[in-house]
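A closer look at the structure
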Amino acid sequence: MCALNIGPSPRVKPADDGFIYNDFAFTVATKNGSGSQTSNNTLVYALFKMGIPVNGKNLFPSNIKGLPTWYTIRASKDGYTARKAVTEICIAFNQDTAAEDISKLPPGGVCILPSEWNWGHSREDVIYYEIPVKDLVKTVDINPDFRDRISNMVYVGAVAELFDIPQDKIYAALLDSFKGKTKPADMNMNVVKAAAEWARENLEKQDPYKFAPLNLNGDKIVITGNESAALGAIFGGVSVVAWYPITPSTSLVDAIMGYQYLRRDPDNGKETVAVIQAEDEIAAIGMLVGAGWAGARAMTSTSGPGISLMAEFTGLAYYAEIPLVIWDITRMGPSTGLPTRTSQGDLIFTYFLGHGDSRQLILLPGTVEECFEFGWRAFDIAEAQQTPVFVLSDLDIGMNNWMAEPFQYPSEPLNRGKVLNAEELQQHIEKFGTWGRYKDVDGDAVGYRTLPGTNHPRAAYFLRGTGHNEMAVYSERADDWVQNMQRLHRKFENARTLLPTPIEVWDKAAPKRIGIVTFGSNEDAIREARDWLAQDGVESDYLRVRGLPLHPDVAEFIASHEHVIVIENNFDGQLNQVINVDMEQRPPRKTSLTLGDSLPMTPEWVYEQVTAVVS
Amino acid sequence: MSANPRIKTNPIGLTREDYKGGKSTLCPGCGHDSISNQIISMAFDLGLEQYKIIKLSGIGCSSKTPAYFLGRSHGFNAIHGRMPSVVTGATTANHSLTAIAVSGDGDTGSIGFGQYKHLLRRNVPMVYIIENNGVYGLTKGQFSATADQDQTLKYYGTNTLRPIDLALEAVIGGATFVARSFSGDAKQVEALMKAAVNHRGTAVIDIVSPCVTFNNEITSTKSYSYGKANEMPLHEIRYVAPGYVPEKEEIVIEDYDPNEVIEVELHGGAIVRLKKLGRDHDPRNKMQAIQALEDAERDGILITGLIYYEEPRPTLAETMHLTDTPLSALPAGKLRPSEDALKKVLASFR
């Protein structure tokens, strides 16, 4: 079954010469494990190097080898990078799904497929380009062991010829894929050249789609969210990483290990980042709790099932006030769900994670740039607030390649929070007469902590998950309990203005009638849909939430709009529910639009849904 | 520090009183309090700096005890059975700390069994004390995983399952220091603790510590009277501090059991001197250690002493090749690479 949604065709206009330049999309249908990743990345990077805004999304099964997988590549001269509901070109390289893949093409769509299938032209309104894949690969002098995997480069060559991608861009992309190694790049390029030559001699172009250099990408980079988050953590001073592998978060820690060299102590060549593969997620967060208590910048990355195992320790860390950072690269649940598909379904579970009255601080990156920024900033917030900080990304951001502006070097020095060394502790005691770990001496609800190893006779305190008073002494007194919980509640409320502010697009002096609220990776689809809606005369304001608890601006935005539409990629409208809980006053009209189909949101879906709501 | 010259002080000028913690809230006569006292004595005798020690535990009666010793050390009462992961994180963050952790048989043998085994595998540097009474005290008397097979308890009937031997699991799991003792043998407990705290790596001491409230029937191998009647020390054990030159000690006569004395040198120069008591047990022989534990279980004997010892393998921090400065003490300059480094990385994504 094809995983792609089909909706109305996008608004694309041909140029004066009748061709459509840089504004169409491919679906590459292959079998998982067939080696198509290199081919697809090569196309994406080649287009990127032509200066064409591009985005690639891998829609893959939870399987090592054999099941159908789709990769969508979208080029957009206008810079839109959301997944399109309709792709004009289908590279049908998986015979099992070819019939359905072809059936999803719009009228006038293009199908590229192996001629040895003898497929036949099942649709009259589709343009077919058939390529002798096996024969072509045989003509190239390559090791027979690589023949199967490299055969996907045939469609790269055909696409380059049919749609005008210069071969030097293809080769440059291959060099990137193979980290500058010319031997594998050359081997793949030979297949590309053979296929391009065959296409030039044997295929007649019948479709209207073409690429042309645009030079719109400037200094931009192409990177996944998980790699961005890893870089953010490395530049954020992470010192202890404990984790248990789980899709789609694994590549984040893989990337941290890949960047460990950046943090190797130049004086002695030793590591300043410890990475421990734990026996499970409970152990992983237990290690973070120990490390955070002892003064490390500790983090993990996981997904929903891992978050569930971390619940008890999260409650302890919240209550005992231990800083640590948890990245949740959300996938489709509940339970194992669709483990390699995207979702925004962990919001409520994470927000209230822990027993009793606990709520967690959450950062919500919506771009790879924010994955980098929140990668370092999360530690500053965790240590300043002495509490766990969750960062909820998702599979779409985390595992797919995105174009991004070059990341900004951290704008602020490391914030290690209120940590007293021996000398400062002595000064503190002299100033206040005493030191209590959970005493709120500054009125910000955050106490001063000492780290194990502090050489002062009064530095030690006993950390516990059981009831304690402000001196960290065991207490089951009701008044001690209430006082502590009230302080924790104040701390939580203060965080509203300490977390990243929302992204807002509106004129406060003249708000539009409709206000759209969202979070995370939906940004691109909504941006494009808002442009379409505006063309229809439906103007809207926009706000993307970037942290929980909600910033006061969110309440102001919601209160300022006649009709608020909350758009999110989960089934239950979880952000909408959080708004209901967090806001004292309900807005006059609020609509929850939820997708939750396991795929990245499309502008077509947003456009249709909003149009239906406002009309 | 004592102002009274008649009160004994240790090498760093502190009294034994200075090593105490809060008042125990355990049942009067609990073996765990005796163990806490030996931790206090050990730290006092060795002149340990309390600020360099972290004390941790899970949940349970035993896990309450860190509050009762070393009041000037940072303490952490974690969650049930998951103390091993917390110690792992803490000692990774700061490998200069000495970790002393107390766990129970429910904590270690059931809910935390996985973490226990993985801690051993990683060789996290710490003293891991198990206060083993074969019963859940805080939840009022359920069988634990170390309870005797066929034992009967008032509310829970007869235990049909075989017990887990946590010392045997430690030997098999890769611990390089495994001891068993009895809380009623204060002298031996203290000597073992002195050796354990000087061990580089995980040092496990499984101490049978009778529960006076829920499991002190004479039929239980975890009862006080059974321990007293059936304890079989493998050797007399004496800890000799590094650099200490003993005066005339026991005469060492080769092949003259049972009074032969063997010495096990710990890293850093400390020595454990073991005087055999009728069993030909060499703690450096892994198969012999396993055999001794198997025989003891079969015969219903509580063997005590240093059961297994081997030259420490690299600790977790050493395995990970961590910087000599503890991670928690790294300055900002070592934690954040330069702006130029970021530019170079980003260039690779164009």
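Residues numbered from 1 in each chain as written. Chains lettered and ligands numbered in written order. Predicted model: local features only at pLDDT ≥ 70, side-chain atom pairs only at ≥ 80, totals over all residues. Heavy atoms only, no water.

**Details of the interface of chain B and chain A**
- Residue-level contacts link 51 residues of chain B with 75 residues of chain A.
- For the pairing of chain B and chain A, the buried interface totals around 5100 Å² over both sides, and the portion due to carbon and sulfur atoms is 65%.
- A per-residue breakdown of the area chain B buries against chain A is headed by His74(B), Arg336(B) and Phe349(B), which together make up 16% of the total.
- Counting every contact that joins chain B to chain A gives four salt bridges.
- Between Glu279(A) and Arg122(B) there is a salt bridge whose closest N-O contact spans 2.8 Å.
- For the pair chain B and chain A, the interface holds 22 residue pairs in polar contact (both at pLDDT 80 or more). (Contact = heavy atoms within 4.5 Å. Buried area = accessible area lost by both parts, 1.4 Å probe. Salt bridge = Lys/Arg side-chain N within 4 Å of Asp/Glu carboxyl O. Polar contact = N/O pair within 3.5 Å; in protein donor to acceptor, adjacent residues only side chain to side chain.)

**Here's the deal with a nonpolar patch on the surface**
Residue and element names in this part refer to chain A.
- Residues Met471, Val473 and Tyr474 make up a contiguous nonpolar surface patch of about 260 Å² in total accessible area.
- Positionally, Val473 belongs in the loop between strand S18 (462-464) and helix H17 (478-494).
- A relative accessible area of 44% means that Val473 is categorised as partly exposed. (Patch = residues over 30% accessible without salt bridge, like charges linked within 9 Å, V, L, I, M, F, W, Y side chains within 5 Å. Areas by Shrake-Rupley, 256 points an atom, 1.4 Å probe, with all protein chains shown as cover. Helix = DSSP H or I, 4+ residues; strand = E, 2+ residues; numbered from the N terminus. Buried < 20%, exposed > 50% of the residue type's maximum accessible area, 1.4 Å probe, protein only.)

**Re the state of the cysteines**
All names here are of chain A.
- Applying the stated criterion across every chain, the model contains zero disulfides over all chains.
- For the unlinked cysteine Cys90, the closest cysteine sulfur is that of Cys111, found at 5.2 Å.
- The exposure class assigned to Cys90 is buried, which follows from its relative accessible area of 2%. (Disulfide = S-S within 2.5 Å.)

**Brief notes about the side chain of Ser36(B)**
Residue and element names in this part refer to chain B.
- With respect to the helices and strands, Ser36 occurs in helix H1 (residues 31-46).
- For Ser36, a relative accessible area of 2% gives the class buried.
- When neighbours within four sequence positions are excluded, Ser36 is seen to be in contact with Thr65, Tyr68 and Phe69.

**A look at unusual backbone geometry**
- Note the cis peptide between Thr247(A) and Pro248(A), where omega equals 5°.
- In this fold, Pro248(A) is placed in the loop between strand S10 (240-243) and helix H9 (250-258).
- With an omega of 5°, the peptide bond between Gly333(A) and Pro334(A) qualifies as cis.
- Summarising the element assignment, Pro334(A) is placed in the loop between strand S13 (324-332) and strand S14 (338-342).
- Phi at Lys140(B) is positive, roughly 70°, even though this residue is not glycine.
- Note that Lys140(B) resides in the loop between strand S5 (135-136) and strand S6 (142-143).

**Overview of the layout of surface pockets**
- Estimates place the volume of the largest pocket at around 1200 Å³.
- Taken together, 48 residues line the largest pocket, and the ones lying closest to its centre are Gln37(A), Asn41(A), Tyr45(A), Thr224(A) and Asn401(A).
- Per-element accounting of the lining of the largest pocket gives the leading share, six residues, to helix H1 (residues 36-49) of chain A.
- For the lining of the largest pocket, the per-class residue count stands at 17 nonpolar, 25 polar and six charged.
- Put simply, the second largest pocket is a space of about 750 Å³.
- Lining the second largest pocket are 31 residues, with Phe462(A), Arg464(A), Ala472(A), Tyr474(A) and Ala67(B) positioned closest to its centre. (1 Å grid on protein atoms, 1.4 Å probe; cavity = no way out; pocket = protein on both sides within 12 Å on 5 of 7 lines; lining within 4 Å. Points joined across faces, edges and corners; volume = space filled by probe spheres on them. Nonpolar A, V, L, I, M, F, W, Y, C, P; charged D, E, K, R; others polar.)

**Overview of the pairing of strand S4 (residues 68-76) of chain A**
All names here are of chain A.
- Of all nine residues in S4, eight are buried; the element is thus mostly enclosed.
- Here strand S2 (residues 23-31) pairs with S4 via nine bridges, running antiparallel. Each bridged residue has a counterpart across the sheet, and for Ala25 the counterpart in S4 is Arg74.
- Here strand S3 (residues 54-59) pairs with S4 via six bridges, running antiparallel. Counted as the bridge partner of Lys57 is Thr72 from S4. (Pairing = 2+ DSSP bridges.)

**Remarks on the nonpolar core**
- Judged by nonpolar contacts, the single largest core of 152 residues is most densely connected at Leu231(A), Val289(A), Met299(A), Val517(A), Val545(A), Leu56(B) and Phe76(B).
- Not counting residues up to four positions away in its chain, the partners in contact with Phe76(B) are Val289(A), Trp293(A), Leu316(A), Ile322(A), Phe462(A), Leu463(A), Lys55(B), Leu56(B), Ser57(B) and Val86(B).
- Listed in part, the 55 residues of the second largest apolar core include Phe26(A), Leu43(A), Val140(A) and Met153(A). (Core = buried A, V, L, I, M, F, W, Y, C linked by side-chain atoms within 4.5 Å.)

**So, the packing of aromatic side chains**
- Tallied over the full model, the rule gives 23 aromatic pairs over all chains.
- With 5.1 Å between their ring centres and 45° between their planes, Tyr319(A) and Trp481(A) make a pair best called tilted. One end of the pair, Tyr319(A), is in helix H12 (residues 311-320); the other, Trp481(A), is in helix H17, and 162 residues separate them in sequence.
- Since its relative accessible area comes to 7%, Tyr319(A) is described here as buried.
- Of the residues examined, Trp481(A) reaches a relative accessible area of 40% and is grouped as partly exposed.
- Geometrically, the ring pair formed by Tyr116(B) and Tyr128(B) is tilted, given 5.0 Å between the ring centres and 55° between the ring planes. (Phe/Tyr/Trp six-rings, centres within 6.5 Å; stacked < 30°, edge-to-face > 60°.)

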